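Residue strings, one per chain:
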Amino acid sequence: MGGAVRDLLLNTDVADFDFGTPEPPEQVSSILRNGGIKVIPTGLSHGTVTAVIEGNNFEITTLRRDEQTDGRHAQVAWTRNWREDAARRDFTINAMSCGLNGQVHDYFGGQHDLRMSRIRFVGDARERIREDALRILRFFRFQGRFGGTEPDQETLDAISDCAVLVRKLSAERVWAELRRILVGPHVVQMLELMARSGVLGECFPELTGRDDTAIALLASLIACGGPCDESLRLAALLKGAGATLDMIERCVHRLRLSRSGATEVISMSGYPIPTPQNAKDDDDIARLLANTPRSSLTGRTWLARAEAEQHGLTSIAREDWVALLCRLKMREQPHFPLAGRDIVALGVLAGPRVGEVLSVVRQWWLDGGCHEGKKACLTFAKYELATGR
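From a predicted model like this one, the values you see are computed outputs, not experimental measurements. (Residues numbered from 1 in each chain as written. Predicted model: local features only at pLDDT ≥ 70, side-chain atom pairs only at ≥ 80, totals over all residues. Heavy atoms only, no water.)

Visitor: Give me the lowdown on the overall build of the chain, citing residues and values where you can.
Guide: Looking only at helices and strands, one finds 20 helices and eight strands in the chain. Taken over the C-alpha trace, the chain has a radius of gyration of 28 Å; the compact-globule value for 389 residues is 21 Å, which it surpasses by more than 25%. Dimensions of the chain along its principal axes, counting C-alpha atoms only, are 90 × 55 × 35 Å. Classification of the 389 residues of the chain by burial places 45% in the buried group. Carbon and sulfur atoms make up 50% of the accessible area of the chain, which amounts to about 19800 Å² in all. Across the chain, the 49 positively charged side chains and the 51 negatively charged ones have centroids separated by 4 Å. (Helix = DSSP H or I, 4+ residues; strand = E, 2+ residues; numbered from the N terminus. Rg over C-alpha atoms; globule rule 2.2 N^0.38 Å. Buried < 20%, exposed > 50% of the residue type's maximum accessible area, 1.4 Å probe, protein only. Areas by Shrake-Rupley, 256 points an atom, 1.4 Å probe, with all protein chains shown as cover. Lys, Arg positive; Asp, Glu negative; His and termini not counted. Charge placed at Lys NZ, Arg CZ, Asp CG, Glu CD.)

Visitor: Let's hear about unusual backbone geometry: which residues, and what values?
Guide: In this model, Y271 is joined to P272 through a cis peptide bond whose omega is 0°. Relative to the assigned elements, P272 resides in the loop between α14 (259-268) and α15 (282-291). Even without glycine at this site, H186 takes up a positive phi of about 55°. Examined against the element boundaries, H186 turns out to sit in the loop between α8 (171-182) and α9 (187-196). For H186, a relative accessible area of 46% corresponds to the partly exposed category. In the Ramachandran plot, R256 falls in the positive-phi region, its phi being about 55° despite a non-glycine side chain.

Visitor: So what about the sheet that holds strand β3 (residues 48-53)? Which residues, and what values?
Guide: Two orientations exist for strands paired in a sheet by backbone hydrogen bonds: parallel and antiparallel. Taken together, the four strands give an open sheet; going across it, the order is β1-β4-β3-β2, and neighbouring strands pair in mixed fashion. Strands at the two margins of the open sheet, each flanked by one partner only, are β1 (18-21) and β2 (38-43). Going across the sheet, the axis of each strand differs from the next one's by a mean of 30°, ignoring polarity. Pairing between β1 and strand β4 (residues 56-62): four bridges, direction parallel. Among the inter-strand pairings, F19 is bridged to a residue of β4, identified as I60. (Pairing = 2+ DSSP bridges. Axes fitted to C-alpha atoms, helices over the stretch in contact; angles between N-to-C directions.)

Visitor: Quick one: what's the story with the packing of helix α13 (residues 245-254) against α14, residue by residue and with numbers?
Guide: The relative placement of two packed helices is expressed as an angle between their axes plus a distance between the axes. Contact geometry of α13 with α14 gives a least axis separation of 10 Å together with a crossing angle of 160°. Taken together, the axis directions place α13 and α14 in an arrangement best described as roughly antiparallel. Where α13 crosses over α14, the handedness of that crossing is right-handed. Within the contact between the two elements, α13 uses L245, I248, E249, V252 and H253 and α14 uses A262, V265 and I266. Classifying every residue of the contact of α13 with α14 gives six nonpolar, one polar and one charged. (Parallel < 35°, antiparallel > 145°, perpendicular 65-115°, else oblique. Left-handed = near helix turned anticlockwise from the far one by under 90°. Contact = heavy atoms within 4.5 Å. Nonpolar A, V, L, I, M, F, W, Y, C, P; charged D, E, K, R; others polar.)

Visitor: Can you explain the pattern of salt bridges? Please cite residues and give values.
Guide: In this structure the tally under the stated criterion is 25 salt bridges. Here R118 ties to D113 by a salt bridge, and the two come within 2.6 Å at their closest N and O atoms. You can call R118 partly exposed: its relative accessible area is 30%. Taking relative accessible area as the criterion, D113 reaches 0% and is therefore assigned buried. With its nearest N and O atoms 2.6 Å apart, the salt bridge here joins R141 to E177. Placement of R141 in helix α6 (residues 134-146) and of E177 in helix α8 is noted, with a sequence separation of 36 residues between them. Three or more residues are tied together by salt bridges with common partners; here these are E127, R128, E131 and R135. (Salt bridge = Lys/Arg side-chain N within 4 Å of Asp/Glu carboxyl O.)

Visitor: Now, about the packing of aromatic side chains: what can you tell me, with residues and values included?
Guide: All told, the structure shown has 11 aromatic pairs when counted by the stated rule. Consider the rings of F139 and F140, whose centres lie 5.4 Å apart with planes at 85°: the pair is edge-to-face. Across the pair, F140 and F139 agree in class, each one buried. The structure contains a cluster of three or more aromatic residues connected by ring pairs, namely F91, F121, F139, F140, F142 and F146. (Phe/Tyr/Trp six-rings, centres within 6.5 Å; stacked < 30°, edge-to-face > 60°.)

Visitor: Just give me the short version of a negative patch on the surface, but keep the residues and values in it.
Guide: A grouping of D124, D152, E154 and D157 is seen on the molecular surface, where their side chains present a negatively charged patch. Along the chain, D157 turns up in helix α7 (residues 153-162). (Patch = residues over 30% accessible without salt bridge, like charges linked within 9 Å, V, L, I, M, F, W, Y side chains within 5 Å.)

Visitor: Please set out helix α19 (residues 352-367) residue by residue, giving values where relevant.
Guide: Look at α19: 23 Å from first C-alpha to last across 16 residues, which is about the 22 Å you get at 1.5 Å a residue. Among all positions in α19, only V354, V357, L358, V361, W365 and L366 are buried. With its phi angle positive at about 85°, G369 sits one or two positions after the end of α19. (Expected span 1.5 Å × (residues − 1).)

Visitor: How would you explain the nonpolar core if you had to name every residue and give the values?
Guide: Counting residues in each nonpolar core, the largest one holds 68 residues, and the members touching the most others are M194 and F204. No other element matches the seven residues that α6 contributes to this core. Residues L338, L358, V361 and F380 belong to the second largest nonpolar core, which totals 16 residues. (Core = buried A, V, L, I, M, F, W, Y, C linked by side-chain atoms within 4.5 Å.)

Visitor: Residues and numbers for the pairing of β4, please.
Guide: Relative to β4, β3 runs antiparallel, the two being bridged by six bridges. Among the inter-strand pairings, T50 is bridged to a residue of β4, identified as E59. With antiparallel pairing between neighbouring strands as the criterion, β3 and β4 make up a hairpin whose turn holds two residues, including E54 at a positive phi of roughly 50°.

Here it is, written out as structure tokens:
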């Protein structure tokens, strides 16, 4: 059903096979268990169970119709009517099913839309969106992946009229779609469509009406070969809009990014920013890596390069940016060899003085390009203590 049929028709790899059946979930579970198949009650309230066969999971869902929806959740009832089940799908290309005999059941012209590279809602677009506002974001994700033509104005008008409904969605569901749009095909064109229809501003109020500059920096990042990374692309959007660090922190927490993802976006948006002008040799790189994770420095460098090329600043050759990124990648991350216990072992009582000495020695180590080992650092620490500084 759904995506598997679509991908088979496109002769692309199918990640998941989902199955439909008129039998209610309790009966499906009983049949599977009687056949010696492990069953996971994935979502009984929505009619879905998962069959585990040779370590592979297969979702089996009872045919449904929506009884009541609120834009986020739906109350469903079982049906034996395949067309009725297909009618509750989002897009025509996802509403097809295939029987055991290989016959494709296509009630709403999904095969034609697939051939035409067209993403079209099943039935009335506004009605589909009001059933689940997440379909707005799914539209742009599928448009980027499968759409080869400009969406019709009627569809864009429906999305624009319903854009405010995105506010009703949970942050987790919104970010799950946004991250896939950000790393998906034709991301710049999709974000431009989202901006035109008012959806981008609903997802990112931090852009504060600066959609154009935000998208322009992301476009520049992609044009100069920046990696397809969701954290880097989100950081580019926010930086392009001139968002402050406080605004960026609020954004990643509002969207409920994972802890590591939030930290990455915030850190990529920070300072210092490596450039070929301020990171000219390995010692400069070592000092940067001693204080900041490699991924953050690399992200900052890509953003700086994208910003320079966006504004036509050609004083730095592209070869120099490439060389800088290479040094950041290849240089081993230095680690300061001393800890508080080493200073205590020199006779310093535990307390603020230990931290003061460590700080002085670490700065000396940094100034020297992070080359000195533990023995040399201890010697310098003894000197500091002996001089009473």
